[in-house]
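Understanding the architecture of this molecule
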There are 2 protein chains.
Amino acid sequence: MKLFVTSILCLATVGAMAQEIKEDFKPSTKNQPGQEYPMVNSQGYARFRINAPEAKAVNVSLGLGGQRGGTDLVKGEDGFWTGTTSTPMDEGFHYYHLTIDGGVFNDPGAKNYYGSCRWESGIEIPAKDEEFYALRKDIPHGKVQQILVWSESTQSYHPSYVYTPAGYDQSTEKYPVLYLQHGWGEDETAWMNQGHANLIMDNLIADGKIKPFIIVCTYGMTNDVKFGQMGKVDFITPIQTFMLEDLIPYVDKNFRTYGDKEHRAMAGLSMGGMETHQITLNHPEVFSRYALLSGGIYTPAELKNEKPALIFLSCGSKESPDRINKAVDDLKAAGYNVVGHVSEGTAHEFLTWRRALYQLAQILFK
Amino acid sequence: MKLFVTSILCLATVGAMAQEIKEDFKPSTKNQPGQEYPMVNSQGYARFRINAPEAKAVNVSLGLGGQRGGTDLVKGEDGFWTGTTSTPMDEGFHYYHLTIDGGVFNDPGAKNYYGSCRWESGIEIPAKDEEFYALRKDIPHGKVQQILVWSESTQSYHPSYVYTPAGYDQSTEKYPVLYLQHGWGEDETAWMNQGHANLIMDNLIADGKIKPFIIVCTYGMTNDVKFGQMGKVDFITPIQTFMLEDLIPYVDKNFRTYGDKEHRAMAGLSMGGMETHQITLNHPEVFSRYALLSGGIYTPAELKNEKPALIFLSCGSKESPDRINKAVDDLKAAGYNVVGHVSEGTAHEFLTWRRALYQLAQILFK
């Protein structure tokens with residue numbers, strides 16, 4: 001038995017630069033109330049525990065090789081399946097699910113977040129800089145409200161979320177607006193639930209780092225587009241039509257906005273960046289500030305004679321930072337006001353975008 | 001084989017007054033986007049389909065004997081487990097979950113709703129009167145916003161939801177406020193997500209049936225109380241302290257309320273009714289209108305000399321309508337302004353409470 005344990009440890013050492021796993025696991029902050037599992041330790045390992053006494057196999061879609069892959073759980077005598085990721089996870093938020101006897105289900109211990117076109121389980125690995133999106137005591141907090149916007153083009157309501165900063169209700173001033181789009185497989189809830197956009201704003205405003213602005217998040221209408229079809233399907237026209245004909249007029253009518261191009265920005269992550277890219281190029285008369293978060297680049301050629309007040313390009317260091325940095329250099333050389341941002345140690349996930357929003361917000365309407 | 005099938009059918013006939021099941025199944029309106037299952041037919045039967053090719057047993061917690069019990073699914077050659085409830089379900093919203101190989105999981109086809117102290121799957125059996133909580137086109141819609149209320153007594157934020165009627169932002173008038181509590185196992189999201197309180201209000205206001213008022217929903221702080229301990233544990237003081245010291249002052253400061261007893265009501269369903277009952281009796285100087293929805297009764301003796309402007313008592317016809325009707329009679333005889341309501345054909349579930357709110361809202365601040 002002793003020998004067997006040693007050989008397992010050796011394998012782990014070779015396979016994943018194993019370190020001793022610290023037994024300081026705590027429940028993930030994304031757990032359902034009162035749920036102990038999943039847990040996360042100070043090194044970023046995640047541990048799972050699932051009750052399914054009669055199951056043949058339980059796998060977690062997180063762990064192997066870091067971000068993605070899978071962790072096979074092992075059944076104990078109590079009927080609970082447990083397991084720990086073989087390597088530490090990247091800091092930040094991760095979607096995941098269970099595969100139980102060949103079917104996909106959620107972890108009953110975790111809260112659910114809309115991603116991959118389904119309500120997935122979510123887990124949070126505490127980040128060293130997590131304070132910037134923390135729910136802080138003793139500062140004023142803005143409000144997140146759901147609005148129901150009727151679309152003539154789709155003949156349906158589009159539920160959308162609006163963040164208004166603390167003090168908005170008491171003020172008589174006008175506010176700039178950022179239209180902030182989610183990625184493929186997500187919806188209008190992503191930036192508040194997974195991204196904590198409201199808390200990022202609350203903290204920046206409380207610390208005097210920015211002047212308040214409104215954020216509007218709506219569904220990007222892209223979840224019917226398959227990855228292989230992106231080049232073939234026009235997924236821009238539907239959301240562009242809704243935004244220009246319904247959403248922006250609704251927001252400018254129902255909130256105290258400036259209602260002009262100078263005080264209107266568009267940003268999006270991943271596929272939301274592709275939307276932002278195309279819609280801002282199609283309608284430079286509507287937006288003055290453009291931001292692509294892990295969502296591509298702008299080139300001087302495609303911008304033609306348009307000089308937006310700000311271009312912001314970002315991604316995680318585990319994505320394609322060279323491409324972002326080169327695009328920033330090219331745009332700078334061509335005389336554009338452009339800012340780049342690379343999130344250290346993160347991939348195509350929400351900590352990358354929380355950090356990008358934190359940076360973007362500080363320069364957006366300056 | 002033929003004989004076997006016949007004998008099953010006979011059992012079903014005896015056990016559940018079987019009728020021919022109409023093959024007009026449609027996806028439940030509570031499904032995740034694009035998901036076909038679970039389905040519901042025009043008679044109220046529910047049909048489930050779960051992918052778990054290697055599972056030994058899959059059970060749905062709905063179906064047998066009507067409301068509760070269970071439906072065992074049967075595996076097909078494609079690896080999908082399917083089954084239909086043995087009887088029609090009650091109209092309205094039901095929580096449910098799957099038991100797969102001994103563990104409890106959610107249906108990946110359904111959206112999740114917080115009930116039974118967990119995010120459960122939800123399914124909706126269309127009700128004959130569903131129009132009163134429908135999302136209607138061409139009427140103005142109010143907003144549901146999340147506020148973060150700091151509690152000195154718990155040293156934590158209590159996320160709460162506030163419904164403000166359409167026109168609130170453009171108006172300068174003051175509004176009455178209803179504090180509306182969920183039941184045991186639920187949280188502050190229940191009345192909007194499961195109860196459609198916002199849509200009920202939108203429709204009543206659009207039809208000119210009521211003058212607009214604000215609704216506030218907060219967490220009742222009861223989910224740590226076990227059923228058997230209800231008589232032994234003081235679950236009133238924590239929520240009463242939070243409401244009186246933190247929530248009501250926050251709402252009166254941050255929204256255009258009258259801020260007086262005359263324009264402040266409290267209502268709750270089930271355990272939220274028990275909270276309402278006790279808090280209104282403890283603090284008649286704070287509320288003028290009391291409503292218990294499947295949440296007990298008031299007696300003239302316990303009201304002492306207090307004469308609230310309105311008492312409202314309700315339940316489903318499958319609960320204890322006699323007790324409600326008798327309490328209403330007793331209170332009437334003692335000179336109280338009391339209204340009773342019994343929801344036809346429903347039990348201790350959300351359609352009962354949607355209907356109660358619909359009735360209550362029409363008389364609440366008259």
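Residues numbered from 1 in each chain as written. Chains lettered and ligands numbered in written order. Predicted model: local features only at pLDDT ≥ 70, side-chain atom pairs only at ≥ 80, totals over all residues. Heavy atoms only, no water.

1. A closer look at the overall build of chain A
- Across its full length, chain A holds 8 helices and 20 strands.
- Projecting the C-alpha coordinates of chain A onto the three principal axes gives extents of approximately 70 × 45 × 45 Å.
- Counting over 366 residues, chain A shows a buried share of 56%.
- Sequence separation of 24 or more characterises 65% of the internal contacts of chain A that already satisfy a separation of 6 or more.
- For chain A, the exposed surface amounts to about 15,400 Å²; the carbon and sulfur share of it is 55%. (Helix = DSSP H or I, 4+ residues; strand = E, 2+ residues; numbered from the N terminus. Buried < 20%, exposed > 50% of the residue type's maximum accessible area, 1.4 Å probe, protein only. Contact = heavy atoms within 4.5 Å. Areas by Shrake-Rupley, 256 points an atom, 1.4 Å probe, with all protein chains shown as cover.)

2. Let's talk about empty space enclosed by the protein
- Within this structure, the stated rule accounts for 3 cavities of 30 Å³ or more.
- Of the voids in this model, the largest cavity is the one considered here, and its volume is about 100 Å³.
- Every residue lining the largest cavity is counted, 13 residues in all, and those nearest its centre are Gln-145 and Asp-169 of chain A together with Lys-143, Gln-145 and Asp-169 of chain B.
- At the level of elements, strand S13 (143-151) of chain A together with strand S13 (143-151) of chain B are the ones that each hand at least two residues to the lining of the largest cavity.
- A breakdown of the residues in the lining of the largest cavity according to their chemical character gives 4 nonpolar, 5 polar and 4 charged.
- Counted as a void, the second largest cavity has a volume near 50 Å³.
- Lining the second largest cavity, in full, are Gln-32, Asn-106, Asp-107, Pro-108, Ala-110 and Asn-112 of chain A together with Phe-105, Asn-106, Asn-112, Arg-118 and Trp-119 of chain B. (1 Å grid on protein atoms, 1.4 Å probe; cavity = no way out; pocket = protein on both sides within 12 Å on 5 of 7 lines; lining within 4 Å. Points joined across faces, edges and corners; volume = space filled by probe spheres on them. Nonpolar A, V, L, I, M, F, W, Y, C, P; charged D, E, K, R; others polar.)

3. Re the pattern of salt bridges
All names here are of chain B.
- Applying the stated criterion across every chain yields a total of 32 salt bridges over all chains.
- Of the charged contacts, one joins Glu-124 and Lys-30 as a salt bridge, the two residues approaching to 3.1 Å between their closest N and O atoms. Here Glu-124 is found in strand S12 (residues 118-125), whereas its partner Lys-30 is found in the loop between strand S1 (26-27) and strand S2 (39-40), with 94 residues between them in sequence. The same class applies to Glu-124 as to Lys-30, namely buried. (Salt bridge = Lys/Arg side-chain N within 4 Å of Asp/Glu carboxyl O.)

4. Describing the confidence of the model for chain A
Residue and element names in this part refer to chain A.
- With 93% of its residues at a pLDDT of 70 or more, chain A has an overall mean of 93.
- Note on residues 1-16: pLDDT is under 50 here. Beyond four places in sequence and across chains, it has 5 contacts.
- With pTM at 0.93, the complex prediction returns an ipTM value of 0.91. (pLDDT = per-residue confidence, 0-100.)

5. What about the relation of the copies chain A and chain B?
- Of the two same-sequence chains, chain A is brought onto chain B (RMSD 0.0 Å, axial shift 0.0 Å) by a rotation of 180 degrees. Classification of the inter-copy transformation places it as that of a two-fold axis. Relative to the rotation axis, the C-alpha of Gln-145 of chain A is the closest in chain A, positioned 1.9 Å from it.
- Mapped onto chain B, 100% of the interface residues of chain A again fall at the interface, so both copies present the same surface. (Least-squares fit on C-alpha atoms with pLDDT ≥ 70 in both.)

6. Let's talk about the pairing of strand S20 (residues 338-343) of chain B
All names here are of chain B.
- By the bridge criterion, 6 bridges tie strand S19 (residues 310-316) to S20 in an arrangement that is parallel. Note that in S20 the partner of Ile-311 across the bridge is Val-338.
- Considered for its hand, the β-α-β crossover made up of S19, helix H7 (residues 321-333) and S20 is right-handed. (Pairing = 2+ DSSP bridges. Right-handed = clockwise from strand over helix to strand, strands pointing away.)

7. A few points about the environment of Thr-241 of chain B
Residues and elements named next belong to chain B.
- Secondary-structure assignment places Thr-241 in helix H4 (residues 236-254).
- Separated by 95 residues in sequence, Thr-241 and Tyr-336 place their C-alpha atoms 28 Å apart.
- Separated by 2.7 Å, the side chain of Thr-241 and the backbone oxygen of Thr-237 make a polar contact. (Polar contact = N/O pair within 3.5 Å; in protein donor to acceptor, adjacent residues only side chain to side chain.)

8. Describing the packing of aromatic side chains
- With the rule as written, the count across this model stands at 29 aromatic pairs over all chains.
- Ring geometry for Phe-93 of chain A against Tyr-95 of chain A: centres 5.1 Å apart, planes inclined by 85 degrees, an arrangement best described as edge-to-face.
- Exposure remark for Phe-93 of chain A: the relative accessible area of 2% places this residue in the buried category.
- Given the relative accessible area of 10%, Tyr-95 of chain A is considered buried.
- Summarising the aromatic geometry, the rings of Phe-105 of chain A and Phe-105 of chain B are spaced 6.1 Å apart at their centres and angled 40 degrees between planes, so their arrangement reads as tilted. You can see Phe-105 of chain A sitting in strand S10 (residues 103-105) and its partner Phe-105 of chain B sitting in strand S10 (residues 103-105), one on each of two chains.
- Using a relative accessible area of 0% as the deciding quantity, one classes Phe-105 of chain B as buried.
- Over the ring of Tyr-168 of chain A we find Arg-256 of chain A; its NZ or CZ atom is 4.4 Å from the centre of that ring.
- In this structure, Lys-307 of chain B is placed above the aromatic ring of Tyr-336 of chain B, and the distance from its NZ or CZ to the ring centre is 4.2 Å. (Phe/Tyr/Trp six-rings, centres within 6.5 Å; stacked < 30°, edge-to-face > 60°. Lys NZ or Arg CZ within 6 Å of the ring centre and 35° of its normal.)

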